[in-house]
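Residue-level listing of the chains:
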Amino acid sequence: MFAPVTARRWKGLWLGLGAVAVILSACSSTPSHTATRVRTSTLTVAETTAPTTLDPQASPLFANRYAWDLAYQCLLTTTASGSFAPELATSYQESPSGLQYTFSLRHGVQFQNGETFTSADVVYTFHRLMTIGTPEARNLFTGLTSVTALGSYSVRFTFSSPSRGFIGNMANPLVFGCAILSKRAGSSTLATHMVGTGPWEQVAYTPDSSLTMRRFAGYWGSKTGATNLDILYVPTPSTQVSDLEAGKVNLMFPTQAGAASLKGVKGVHVAQVSSAVTVFLDINNLRAPFNNVDVRRAVALAVNRSALATVAYQGAATASGYVPPTYSWSAPVTSLPYSTQNVAEAKALLAAGGYPHGLTTSLIYIPNYDPGTNALVELLASQLGSVGIHVTLNPLPTAAWVQANNTDQNYTLSWNEQSYYSNPLEYVNVPGYRQGPVPPALATLFHSANSSTTTSALYADINAIQKEEASLVYPTITLLALKIDVAYSSNLANVSVGPSLSRNFLASVEVR
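Note that this is a predicted model, so its numbers are computed, not measured.

S.K.: Can you lay out the environment of Ala-344 for me, pointing to particular residues and giving the numbers?
M.R.: Looking at the element boundaries, Ala-344 is found in helix H9 (residues 343-352). When the C-alpha positions of Ala-344 and Leu-301 are compared, they lie 9.0 Å apart, and in sequence the two are 43 residues distant.

S.K.: Any details on the state of the cysteines? Residues and values, ideally.
M.R.: On inspection of all chains with the given rule, the structure shows one disulfide. Paired through a disulfide, Cys-74 and Cys-178 show a sulfur-sulfur distance of 2.1 Å. Between Cys-74 and Cys-178 the disulfide shows an S-S torsion of about 70 degrees. By sign, it is right-handed. With a gap of 104 residues between them, Cys-74 in the loop between helix H1 (65-71) and strand S5 (76-78) and Cys-178 in the loop between helix H4 (166-169) and strand S11 (200-206) connect regions that are remote in the sequence. An identical accessibility class is assigned to Cys-74 and Cys-178; each is buried.

S.K.: Tell me about the pairing of strand S7 (residues 89-94), and please be specific about residues and values.
M.R.: With five bridges connecting them, S7 and strand S8 (residues 100-105) associate as antiparallel partners. Within S8, the residue paired with Ala-89 across the bridge is Leu-105. The antiparallel pairing of S7 with S8 creates a hairpin that spans five residues between the two strands, and Gly-98 there sits at a positive phi of about 75 degrees.

S.K.: Please give an account of the pattern of salt bridges that cites residues and values.
M.R.: Inspection of the entire model under this criterion finds six salt bridges. Two residues, Glu-201 and Arg-214, come together in a salt bridge whose shortest N-O distance is 3.3 Å. In this pair, Glu-201 is assigned in strand S11 and Arg-214 in strand S12 (residues 210-215), connecting sequence segments 13 residues apart. For Arg-512, the salt bridge goes to Glu-510, with nearest N and O atoms at 3.8 Å. Of the residues examined, Arg-512 reaches a relative accessible area of 63% and is grouped as exposed. Glu-510 sits in the partly exposed class, given a relative accessible area of 30%.

S.K.: Got a sec to walk through the side chain of Thr-158? Specific residues and values, please.
M.R.: Within the fold, Thr-158 resides in strand S10 (residues 154-159). The contact partners of Thr-158, leaving out residues within four places of it in the chain, are Leu-99, Gln-100, Gly-143, Leu-144, Thr-145 and Ser-146.

S.K.: An account of helix H13 (residues 440-451) is requested, with residue identities and associated values reported.
M.R.: The first and last C-alpha atoms of H13 sit 17 Å apart over twelve residues, in line with the 16 Å expected at 1.5 Å per residue. Where H13 is buried, its residues contact helix H14 (455-472).

S.K.: Residue-level account of the packing of helix H8 (residues 305-312) against helix H10 (residues 373-385), with values.
M.R.: At a minimum axis distance of 9 Å, the contact between H8 and H10 shows a crossing angle of 145 degrees. Once H8 is placed against H10, the crossing between them reads as right-handed. Facing Ala-307, Leu-308, Val-311 and Ala-312 of H8, the residues of H10 in contact are Ala-375, Leu-376, Leu-379, Leu-380 and Gln-383.

S.K.: Kindly report on the packing of aromatic side chains, identifying the contributing residues and their values.
M.R.: Inspection of the entire model under this criterion finds 18 aromatic pairs. Taking 5.0 Å as the distance between ring centres and 90 degrees as the angle between the ring planes, the aromatic pair formed by Phe-126 and Phe-157 counts as edge-to-face. Separated by 31 residues along the polypeptide, Phe-126 in helix H2 (residues 119-132) and Phe-157 in strand S10 bring together distant segments of the chain. Here the two residues Phe-126 and Phe-157 agree in accessibility, since each one is buried. Aromatic ring contacts, followed pair by pair, group Tyr-92, Tyr-101, Phe-103, Phe-126, Phe-141, Phe-157, Phe-159 and Phe-166 into a single cluster. A cation sits over an aromatic face here: Arg-65 above Phe-176, 3.6 Å from the ring centre.

What counts, and where the lines are drawn
- Counting restarts for each chain: residues are numbered from 1 in the order of the written sequence.
- For a predicted model such as this one, the threshold for reporting local features is a pLDDT of at least 70, and the threshold for listing and counting side-chain atom pairs is 80 or more; totals across whole chains, interfaces and linings nevertheless cover every residue.
- The basis for every side-chain value is the complete set of heavy atoms in the structure, and neither hydrogens nor water enter the calculation.
- A run of H or I in DSSP counts as a helix once it spans at least four residues, and a run of E counts as a strand once it spans at least two, with each numbered from the N terminus.
- The rule for a disulfide is simple: a pair of cysteine sulfur atoms within 2.5 Å.
- Using a 1.4 Å probe on the protein chains alone, a residue whose accessible area is under 20% of its type maximum counts as buried, one over 50% counts as exposed, and one in between counts as partly exposed.
- By definition, two strands form a pair when at least two bridges between them are found by DSSP.
- The working definition used for a salt bridge is a side-chain nitrogen of Lys or Arg within 4 Å of a carboxyl oxygen of Asp or Glu.
- Contacts are residue-level and defined by heavy atoms, with any inter-residue pair within 4.5 Å sufficient.
- Given the number of residues in a helix, its expected span is that number minus one, multiplied by 1.5 Å.
- Orientation is described by lines fitted to C-alpha atoms, with helices fitted over the stretch in contact, and by angles between N-to-C directions that extend from 0 to 180 degrees.
- Two helices that cross are described as forming a left-handed crossing if the nearer one is turned anticlockwise from the farther one by less than a right angle, and a right-handed crossing if clockwise.
- Pairs were defined over the aromatic rings of Phe, Tyr and Trp, the Trp ring being its six-membered one, requiring ring centres within 6.5 Å. Orientation was assigned from the angle between planes: stacked under 30 degrees, edge-to-face over 60, tilted for the rest.
- We count a charge as sitting over a ring when the NZ of a lysine or the CZ of an arginine lies within 6 Å of the ring centre and within 35 degrees of the ring normal.

Structural data, given as structure tokens:
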């Protein structure tokens with residue numbers, strides 16, 4: 001028999017984001033030359049990294065989410081200011097025990113294949129996720145024991161223990177882990193064809209080249225500002241800049257150098273957005289020498305985050321601890337143990353860990369993943385070398401990196417990036433499929449966080465977790481939070497980008 005429930009209508013924890021949505025405006029620089037405007041009802045966007053799959057449950061790479069969030073939606077979403085809002089659900093109820101959440105679903109919603117959205121689709125989605133979804137996505141819903149339809153427009157999630165971050169995980173604007181799939185569409189074509197409930201429907205997809213979307217006529221909400229949306233995958237940043245100047249695209253996310261060159265172009269607006277996307281160093285604590293805490297602490301003390309931000313990203317990043325500084329309540333990185341570079345102490349710890357003459361290891365990464373990746377790993381290797389940790393850089397194709405980092409765990413050090421999380425607990429979460437048993441002190445802190453009943457208590461618990469993880473240098477070392485430049489032609493209106501960097505803002509953009 002189910003426990004009684006108490007109504008909770010959009011009183012989810014407010015996440016206190018310091019960075020709110022940025023309404024982009026023209027720069028005041030003097031023009032040096034003129035860009036050709038795109039005068040059509042088609043919004044054309046250049047992206048650097050093409051998706052490896054269009055299946056929203058099949059990959060951990062956050063660049064894929066910039067395609068998924070065009071077509072898919074979750075039961076809830078998170079606004080740019082950090083509050084939860086209804087999407088495919090209109091309300092939810094949480095039981096007093098915190099073990100059950102019951103959602104009332106929105107009526108009149110269609111999938112892009114013409115099927116009507118019901119509770120059966122929610123049940124199907126989460127059964128598929130927990131059966132074949134990536135470990136990263138399944139890990140968002142640890143303790144989930146059942147998803148049950150209570151009629152066509154009500155669904156109940158049951159957990160084995162309280163999960164304070166559940167509502168946040170159900171409200172990710174990047175739709176990671178919570179994207180609702182069509183039961184009727186099935187799984188056979190999801191890798192190449194999206195079938196969601198969002199404002200855009202897919203028309204065509206050429207892997208590594210382009211994704212073509214159009215306004216979904218059956219969309220339940222506000223219609224898109226443009227009729228069509230073309231995403232072009234252009235891996236070379238300078239080519240993107242040339243395409244914007246030539247009018248082949250009208251919105252892009254340039255490198256720092258590209259943004260600087262575009263600030264002199266008449267008819268082009270450029271702005272910078274602080275994001276909650278973080279770059280970090282994965283340390284395989286299950287393999288020698290990094291199963292030794294002194295060695296891990298030596299790695300942490302070798303790192304100069306400010307130099308990584310200034311040199312590798314040319315200032316388009318900021319030093320970050322586990323929770324990025326866009327969350328205004330997050331503990332400053334300088335307050336975290338072993339987070340300020342100290343070469344002498346790092347060498348002493350390396351000797352105490354049994355490596356007085358240093359050690360040799362390797363670092364795997366995906367080359368050119370973003371504009372700063374290559375420079376970052378090279379500078380990171382140099383910093384580690386200064387304390388006696390000699391690193392061989394091992395660039396891998398995306399599929400091989402995913403295999404080594406997540407499936408085989410065949411690495412010692414690994415570059416990594418993670419996207420924004422609407423549930424800040426995820427920034428400090430331990431990927432249990434990879435890192436081994438959670439240390440007892442951390443397990444106690446996680447239990448406290450998941451049992452918290454107030455926002456302030458949750459924030460305090462998360463900061464305590466940050467400090468304990470920094471002390472253990474486990475499970476990762478978060479290095480930077482990225483800043484993103486956005487450039488667009490002046491014939492666009494309503495360009496607004498939030499800290500999640502979700503591409504769902506494109507639905508509001510108008511082409512004039």
